[in-house]
Amino acid sequence: MKSPLIRRREVLLLTGAAATLGCAPALAQSNHYPNRPITLVVGYPPGGSTDLTARVLAEQLARSLGQPVVVENVGGAGGARGAQRVAQATADGHTLLLGSNNEMAIAGLINPALRYDPVKQFTPVGMVASQPMVLVASPSAGMPNIAGFIERVKQNPGKYSYGSAGVGTALNLAGEMVKQAAGLFIVHIPYRGVGPLTTDLIGGQVELGVYVLSSGLPQIKAGKVVPLGVTERERSPVAPDIPALAETPSLRHVDIGTWFGLWGPAGLPAPVAQRLRGALTESLKVPSLVEKLTASGATIAPASAVLADFQAAEIAKYRRIVDHAGIRV
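The rules behind these values
- Residues numbered from 1 in each chain as written.
- Predicted model: local features only at pLDDT ≥ 70, side-chain atom pairs only at ≥ 80, totals over all residues.
- Heavy atoms only, no water.
- Helix = DSSP H or I, 4+ residues; strand = E, 2+ residues; numbered from the N terminus.
- Buried < 20%, exposed > 50% of the residue type's maximum accessible area, 1.4 Å probe, protein only.
- Contact = heavy atoms within 4.5 Å.
- Areas by Shrake-Rupley, 256 points an atom, 1.4 Å probe, with all protein chains shown as cover.
- Lys, Arg positive; Asp, Glu negative; His and termini not counted.
- Charge placed at Lys NZ, Arg CZ, Asp CG, Glu CD.
- pLDDT = per-residue confidence, 0-100.
- Polar contact = N/O pair within 3.5 Å; in protein donor to acceptor, adjacent residues only side chain to side chain.
- Core = buried A, V, L, I, M, F, W, Y, C linked by side-chain atoms within 4.5 Å.
- Axes fitted to C-alpha atoms, helices over the stretch in contact; angles between N-to-C directions.
- Parallel < 35°, antiparallel > 145°, perpendicular 65-115°, else oblique.
- Nonpolar A, V, L, I, M, F, W, Y, C, P; charged D, E, K, R; others polar.
- Phe/Tyr/Trp six-rings, centres within 6.5 Å; stacked < 30°, edge-to-face > 60°.

A. Representation of the overall build of the protein chain in the model. Counting its secondary structure elements, the protein chain contains 11 helices and 10 strands. If one aligns the C-alpha atoms of the protein chain with their principal axes, the spans along those axes are about 95 × 40 × 30 Å. Here the protein chain holds 329 residues, and the buried ones make up 50% of them. Long-range pairs, those at least 24 residues apart, make up 76% of the contacts in the protein chain between residues at least 6 apart in sequence. For the protein chain, the exposed surface amounts to about 15100 Å²; the carbon and sulfur share of it is 57%. Charged side chains of the protein chain number 29 positive and 21 negative; the gap between the two group centres comes to 7 Å.

This is the structure:
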């Protein structure tokens, strides 16, 4: 008859073997990743800056990973529906999110009913690109430059208004950051898209607007709106003649842009995450990808950028703006 000690050792050995066998399929799947097409979710309809970035990136990721990468547009709730779709997906690397600051940083600050946690329910893969926004004025507003804008608004607090693509968007937060930095009183008017905002800017129904640079450049080049400054700290290589708002002393702390990153669901296996990071790094060096994204007004993220750290810093920045302005949805 075996002693209790021997029996206990046998049980432990059998338990360990079972655990190893249970992990084997997951490890094998990770080692052979990817083994089928990958879905890259975008939380917006086709045609916008996030969708454009995703489609350019998907083409290169497919070449690097050896499997098709299919963009799936899951629009609604300012990108939140797409993010929620990925948060609830199987963490095997075959469902990814090309996310932006709206759904991956701002939404958690302004929407108490948000059904996902932008940090805890995702595995950050890497930064992709960023793009400045641009503050513009209606030609009839009498604001030829940023100095004229500040002077007019300070002399007439509450008289002027600015339009953006909606409450709680990065465009809205950029407008509020400018107001806070210079101590200005301007009324925010949310719009549903660039078209209606441009119509009202041309007609003088609203004096100011905030665009993503790629959306604003056609209006600027056509003379429909007057560019006052880009919202990132440095001028954009795509539009070097437009000053950065931070060049003005009272706006020296203004530094806010739109940005895009790649995430998987929480719990992504380390080998899969490593493979994805390598593929992303490789893709962002391809000249054709760089050319396409740069032409759209974007700046490719540096290889040294760590998405988790960047996301945390951006959330802290946005929290200050949101709390000061009392933005909620």
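Read on, since the account is not over.
B. Highlighting the confidence of the model for the protein chain. Confidence in the prediction for the protein chain averages 90 pLDDT; 91% of positions are at 70 or higher. Predicted confidence is poor over residues 1-28, with pLDDT under 50, and the contacts of this stretch with residues over four places away or in other chains come to 3 contacts.

C. Molecular detail of the side chain of Ser100. Tracing the chain through its elements places Ser100 in strand S3 (residues 95-100). A polar contact of 2.7 Å, which involves the side chain of Ser100, links it to the side chain of Glu103.

D. Spatial organisation of the nonpolar core. Phe122 and Phe149 are the most contacted members of the largest nonpolar core, which totals 54 residues. Elements with a minimum of two residues in this core: helix H3 (80-87), helix H4 (101-110), strand S4 (122-137), helix H5 (146-155), helix H6 (170-182), strand S7 (208-212), strand S9 (257-265) and helix H11 (307-325). It is H6 that contributes the most residues to this core, 7 residues altogether. Dropping the residues within four chain positions of it, Phe122 is found in contact with Ala83, Val86, Ala87, Leu97, Met104, Tyr116, Asp117, Trp263, Gly264, Pro265 and Ala266.

E. Layout of the packing of helix H2 (residues 49-65) against helix H10 (residues 287-295). Taken N-terminus to C-terminus, the directions of H2 and H10 make an angle of 180°; their axes are 10 Å apart at the nearest point. Here H2 is positioned roughly antiparallel relative to H10, judged by the angle of their axes. The residues of H10 that touch H2, namely those facing Thr53, Val56, Leu57, Glu59 and Gln60, are Ser288, Leu289, Lys292 and Leu293. Its residues placed into classes, the contact of H2 with H10 shows 4 nonpolar, 3 polar and 2 charged.

F. Quick peek at the packing of aromatic side chains. Tallied over the entire structure, the rule returns 3 aromatic pairs. A centroid spacing of 5.9 Å and a plane angle of 80° characterise the contact between Tyr116 and Phe122, whose relative ring orientation is edge-to-face. Both residues of the pair, Tyr116 and Phe122, count as buried. When the centroid spacing of 5.2 Å and the interplanar angle of 85° are considered together, the rings of Trp259 and Phe310 count as edge-to-face. Taken together, the residues Trp259 in strand S9 and Phe310 in helix H11 connect sequence positions 51 residues apart. Classification of Trp259 as buried rests on a relative accessible area of 1%.

G. Highlighting unusual backbone geometry. With an omega of -10°, the peptide bond between Tyr33 and Pro34 qualifies as cis. Positionally, Pro34 belongs in the loop between helix H1 (4-31) and strand S1 (38-42). Look at Ala77: it is not a glycine, yet its phi comes out positive at around 60°. With respect to the helices, strands and loops of the structure, Ala77 is situated in the loop between strand S2 (69-73) and H3. For Ala77, a relative accessible area of 56% gives the class exposed.

H. Spotlight on the environment of Pro243. Tracing the backbone through its elements, the reader meets Pro243 in the loop between strand S8 (226-230) and S9. Residues Pro243 and Arg233, 10 residues apart in the sequence, show an inter-C-alpha distance of 9.6 Å. Not counting the four nearest positions on each side in its chain, Pro243 is found in contact with Leu228, Gly229, Val230 and Arg235.

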